[in-house]
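# Report on the structure
Spelled out from the first residue to the last, the chains are:
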Amino acid sequence: MAANKVPGVRAALCYDDATAVNSREHNHANVLTLGAGMISGEQARRIATTWLETPAGGGRHQRRVDKITEIERRYSRPGGTAR
């Protein structure tokens, strides 16, 4: 949760291949988080590989990311600190 307070960070909690793909394609996530108590080491490796190999989507997904970026810009102070 705290990672998403950092300007420019779009962290996503992923627990399977589908959420890994979705977070990258739909929200252009640039930080992957994994719950150690929720998945095995093998699952974590598979999710990380899927996440790293999935490109960010365009079109309607880019519009969503642009909205997120605009909100971040509106509520950020110069120098990168939040208000």
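Our subject is the structure listed above.
Here we summarise the structure given alongside this text. No experiment lies behind these values; they were computed from the predicted model shown.

We now examine the nonpolar core. Nonpolar side chains tend toward joint burial in soluble globular proteins. One finds Ala12, Cys14, Ala20, Ala29, Ile39, Ala44, Ile47 and Trp51 forming the largest nonpolar core, which totals eight residues. No other element matches helix H2 (residues 41-53), which puts three residues into this core. Those residues in contact with Ala20 that sit more than four places away from it in its chain are Cys14, Ile47, Thr50 and Trp51.

Let's shift gears to the pattern of salt bridges. All told, the structure shown has three salt bridges when counted by the stated rule. The partner of Asp17 in a salt bridge is Arg46, with the nearest N and O atoms 3.2 Å apart. Remark: Arg46 occurs in helix H2 and Asp17 occurs in helix H1 (residues 17-27); sequence separation between them is 29 residues. Asp17 sits in the partly exposed class, given a relative accessible area of 28%. Among the residues examined, Arg46 registers a relative accessible area of 37% and is labelled partly exposed.

What counts, and where the lines are drawn
Residues numbered from 1 in each chain as written. Predicted model: local features only at pLDDT ≥ 70, side-chain atom pairs only at ≥ 80, totals over all residues. Heavy atoms only, no water. Core = buried A, V, L, I, M, F, W, Y, C linked by side-chain atoms within 4.5 Å. Buried < 20%, exposed > 50% of the residue type's maximum accessible area, 1.4 Å probe, protein only. Helix = DSSP H or I, 4+ residues; strand = E, 2+ residues; numbered from the N terminus. Contact = heavy atoms within 4.5 Å. Salt bridge = Lys/Arg side-chain N within 4 Å of Asp/Glu carboxyl O.

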